[in-house]
Amino acid sequence: MMRVCSMVIVLAIGFPVWADDVTQFRGALGISKETNLPTKWSAKDGLRWKAELPGRGLSNPVIAGGRVYVTATAAYEQKREVVLCFDVKTGKKLWERQVWSTGTTQCHNKTNMAAPTPMTDGERVYALFATGDLVCYDKDGDLVWYRSLVGDYPTVGNNVGMAASPAIHGETIFICLENAGESFAVGIDKRTGENRWRVVRPRLINWVSPIVVQNQGQAEVLFQGPDGIASHDVNTGKKKWTAPAVVKGSHASLTSGDGVVYANSEKFTALRPGKTDAPEVLWQSAKLRVGYCSPIVHEGRIYVVAGAGVVNCGDAKTGEIVWTLRLDAGGAYTASPLLADGKLYIVNEAGVTTILQVGKEAKVLAKNPIDDVILASPVASDGAIFLRSDGALYCIGSQNPKR
Amino acid sequence: MKNLITRYTLGVLLSGLCASFAAAQDVDSLLARIKAVGKEGVGNVEAAKAWKELVAKGPAVLPDILAGMDDASPVAVNWLRGAVEAVHDKAIQQNQKIPVAKIEAFLNDTQHAGHSRRLAYEMLVKLDPKTPDRLLPKMLDDPSSEIRRDAVAVKLNYGKTAAFEMKTAHKDFYLGLLKHARDRDQVSEIRDVLKKGHAVDIDLTKHFGFVTRWNLIGPFDNVKGVGFNNVYPPEKEIALKAIYPGKGTEQARWREHATDKELGLVDLNEAIGKLKGAVYYAHAVVASESERSIDLRAGSNNAVRIWLNGKEVFFREEYHHGMKMDQHVGKGTLKTGRNEILIKVCQNEQTDSWAQQWSFQLRVCDYLGAAVPVTNVTEKIK
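All values derive from a computational prediction rather than experimental measurement. (Residues numbered from 1 in each chain as written. Chains lettered and ligands numbered in written order. Predicted model: local features only at pLDDT ≥ 70, side-chain atom pairs only at ≥ 80, totals over all residues. Heavy atoms only, no water.)

## A short note on the side chain of B:D366
Residues and elements named next belong to chain B.
Here is step 1 of the chain: Among the secondary structure elements, D366 is positioned in the loop between β12 (359-365) and β13 (374-376).
Here is step 2 of the chain: It turns out D366 is buried and unbridged, and the closest side chain with the opposite charge, R292, is 4.8 Å from it.
Here is step 3 of the chain: Non-local contacts of D366, meaning those with residues more than four positions away in its chain, are made with R292, D295, R297 and V372. (Helix = DSSP H or I, 4+ residues; strand = E, 2+ residues; numbered from the N terminus. Buried < 20%, exposed > 50% of the residue type's maximum accessible area, 1.4 Å probe, protein only. Lys, Arg positive; Asp, Glu negative; His and termini not counted. Salt bridge = Lys/Arg side-chain N within 4 Å of Asp/Glu carboxyl O. Contact = heavy atoms within 4.5 Å.)

## Digging into the nonpolar core
Here is step 1 of the chain: A:V135, A:W145, A:I175, B:L54, B:I65, B:L66 and B:W79 are the most contacted members of the largest nonpolar core, which has 95 residues in total.
Here is step 2 of the chain: When residues of this core are assigned to their parent elements, the largest contribution, ten residues, is made by helix α4 (residues 74-93) of chain B.
Here is step 3 of the chain: By size, the runner-up hydrophobic cluster in this structure holds 28 residues, among which are B:I272, B:A278, B:A284 and B:I343. (Core = buried A, V, L, I, M, F, W, Y, C linked by side-chain atoms within 4.5 Å.)

## Observations regarding helix α6 (residues 114-127) of chain B
Residues spaced three or four apart along an α-helix point in a common direction, a consequence of the helix completing one turn every 3.6 residues.
Here is step 1 of the chain: Between the first and last C-alpha of α6(B) there are 20 Å, a value that for 14 residues agrees with the 20 Å anticipated at 1.5 Å per step.
Here is step 2 of the chain: Every buried residue of α6(B) is accounted for by B:S116, B:R117, B:R118, B:L119, B:A120, B:Y121, B:E122, B:M123 and B:L124. (Expected span 1.5 Å × (residues − 1).)

## Focus on the pattern of salt bridges
Here is step 1 of the chain: Enumeration according to the criterion identifies 50 salt bridges over all chains in this entry.
Here is step 2 of the chain: Among the salt bridges present, the one from A:K110 reaches A:E349, with a minimum N-O distance of 2.8 Å. Placement of A:K110 in the loop between β6 (93-100) and β7 (119-120) and of A:E349 in the loop between β28 (343-347) and β29 (352-357) is noted, with a sequence separation of 239 residues between them.
Here is step 3 of the chain: Take A:K110: its relative accessible area is 26%, and that puts it in the partly exposed class.
Here is step 4 of the chain: We note a salt bridge from B:D201 to B:K195, for which the minimum N-O separation is 3.8 Å.
Here is step 5 of the chain: Accessibility expressed as a relative area gives 60% for B:D201, which makes it exposed.

## Side note on the domain arrangement of chain B
Here is step 1 of the chain: As far as domains go, chain B holds domain 1 (2-129), domain 2 (146-202) and domain 3 (208-376).
Here is step 2 of the chain: The centre of domain 1 of chain B, based on its C-alpha atoms, is set 44 Å off from the matching centre of domain 3 of chain B. (Domains from an automatic or database assignment.)

## Some words on the pairing of β12(B)
Residue and element names in this part refer to chain B.
Here is step 1 of the chain: Of all seven residues in β12, seven are buried, a share of seventy percent or more.
Here is step 2 of the chain: Side chains S359, Q361, R363 and C365 of β12 all project onto a buried face; the interleaved residues F360, L362 and V364 project onto the opposite face, where all are buried too.
Here is step 3 of the chain: Examined bridge by bridge, strand β5 (residues 266-267) and β12 share two bridges and lie antiparallel to one another. If you follow D267 over to β12, its bridge partner there is S359.
Here is step 4 of the chain: Of the strand pairs in this sheet, strand β7 (residues 292-300) and β12 are connected by six bridges, and their pairing is antiparallel. Its bridge partner lying in β12, D295 is registered against C365. (Pairing = 2+ DSSP bridges.)

## So, α4(B)
Here is step 1 of the chain: Helix length check: α4(B) (20 residues) gives 29 Å between terminal C-alpha atoms against 28 Å at 1.5 Å per residue, within 8%.
Here is step 2 of the chain: Burial of α4(B) is extensive: 16 of the 20 residues sit out of reach of the surface.

## A few points about the sheet that holds β7(A)
Here is step 1 of the chain: Reading across from one edge, β7-β8-β9-β10 (chain A) is the order of the four strands in this open sheet, with antiparallel pairing throughout. Strands with a single pairing partner mark the edges of an open sheet, and in this sheet they are β7 and β10 (143-148) of chain A.
Here is step 2 of the chain: Across two bridges, β7(A) lies against strand β8 (residues 124-128) of chain A in antiparallel orientation. Directly across from A:T120, in β8(A), lies its bridge partner A:V125.
Here is step 3 of the chain: On top of the sheet, α4(B) reaches β9 (133-138) and β10 of chain A; it is set at about 155° to β10(A), its chief contact. (Axes fitted to C-alpha atoms, helices over the stretch in contact; angles between N-to-C directions.)

## A few points about the side chain of A:Q24
Residues and elements named next belong to chain A.
Here is step 1 of the chain: Residue placement: Q24 occurs in the loop between α1 (2-5) and β1 (31-32).
Here is step 2 of the chain: According to the relative accessible area criterion, Q24 is buried, its value standing at 10%.
Here is step 3 of the chain: A polar contact is formed between the side chain of Q24 and the backbone nitrogen of I168, at a distance of 3.1 Å. (Polar contact = N/O pair within 3.5 Å; in protein donor to acceptor, adjacent residues only side chain to side chain.)

## Overview of the sheet that holds strand β26 (residues 321-326) of chain A
All names here are of chain A.
Here is step 1 of the chain: The four strands are arranged β23-β24-β25-β26 in an open sheet whose pairing can be described as antiparallel. Edge positions in the sheet fall to β23 (296-298) and β26, since each has one partner strand and no second. Averaged over all neighbouring strand pairs, the angle between strand axes comes to 15°, with direction disregarded.
Here is step 2 of the chain: Pairing between β23 and strand β24 (residues 301-305): three bridges, direction antiparallel. Bridge assignment links V297 to a residue of β24, and that residue is I302.

Here it is, written out as structure tokens:
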């Protein structure tokens, strides 16, 4: 039990955040504590508001203190990187800020410069772009600090496009830039933008976002790359343990629950970190196939969505398949799913959200179309679902949600 | 009494002048503290304090901030951009007077940097949405690439909707616009209109200034990627009759190559043969009638190094992640007369079907992307 309790996902980010706040990529590893969320909507019905965005983004919105922050890329050849802030209740744009990109903006057509998700602690928003531009604004849009990571490390970048989202814990932001140039992970002081520590990472392009976990009462940040998973102390960057066999992740993020780390690899792998240098491999499964979408672990089950819309539910203790469901909404799936109130919200690239009642069995509750291109992960806050398309931010829910 | 009044007036004037001099010094000092930001966040704390003080001064200092951006580093430029945005928004919210005339004067002074003038333009647009209609028609030759692009876009839209009395007027309109357009998408759009509507063929290779005649030498070893950093003989001397030990048992010798492929593409697989783990060099000589700053812009799916007159102006060790016109930009200065361009193109050993391209394109242009008038005088190998 102690071991189970010793490792929980940490949302300590320095300022008070509420259960329904979405502070970073996928919020709390894709799980929201929101209830009474909408289950039926369309482009015309069920929207609280819709806000036009100045350009594309794969980043999910982050939400705290009644404000929604979202990033976008704009201008010819994506030379401008944009941070926007909206009122969560009304969708009114409160402010918009831009930086001129300082790194290459070349990328694969599927991605763009606003691929990494920003972070917020309620007081500030921290936005990394695939150009290596990293900027912090306060909640009112005043610049707190700015850095060009390409200016600092000039060979950083790749022509496919960087996309790993940073993570935030306490006073530190964690960024992993595994790319065609100088590759590293860095812990940055969120107050000043200065490096707290920096470690070398493999020089290969990789898009896996880091996560922060607790192990033996200590916070650790996990990076997954071509040489496996590496765990580092959040304060010093000192390497704690490695799992060199868990190598093949390149898109989907790690997840964690009940003291176990789950990672996409040649086989989907469950690991239990402990006191030793090498974590215990609990099980591996070739049937839990993951594409771009990051997995979710919840109440003893693991949910994975493959690129063609095949949803697999596995037993988190054994990896055995509990059920498999092929979604009939068609299209490709890039956005990571959201789990809230016992339901999975799974969005395809054509903007159709399939809602599944999940547990021992799966039941399709609804298919909600919005005719728009959506590759960003859905999030929930303030009684609403937030969907970010290539050109708009949709807030789906009533004006006065039941809480 | 008269003397007293005169002295008093002079005193007031002097103290006013001193105050404004001190205020100007204060703004300069704040700008200097922000512009001192260094690498890895060094100087951020001091810059953040100065940033707050600067923003607190309100909209009167907007022209000073814009001017401060002129010689700032790219990092400091974005710090100052944030200051301009914040001052502007606060001024609107608090109904403060924005010095519109000074900002427009700043925009009109093309000695200022393109990015700061563009920011001035955007402020004016926010204050008056009719600004583009008023200003852009006069800005087709603007030295700011973003402003020029918008000016060309206005004309392109006009061309789609306007009724031209004579077909020749329509053709002349687009031929004229071609002289102003710099971005590839706009140039391509104009080219397409001229081709479809008037059977006028625009040679984009020539229009963009691609180098089409080269001397090539190789292969040198790039097994396990060693060739990117190895210094092979062409990096030390250009001797067109020389023969060097190449990769394995191969001998490396110069050969002529001219391309007629679109946008000056040199396909080494076609010209040399499909080699893996190999390096080839391409050398060209261009003659310029004057000394001038230029861009050497290249595209390649392979790792490349580029030199101008023996000085390396660009390097990128990346393989098979996509090729795009102008993806690599090296900056240098052409001398009057003969100028040597050398590009090293490295092929790795990947076997994937999508990792077989071995090619490059390179052009000589100004910072906006317009072809620079040079003559290709690459020597013949006798």
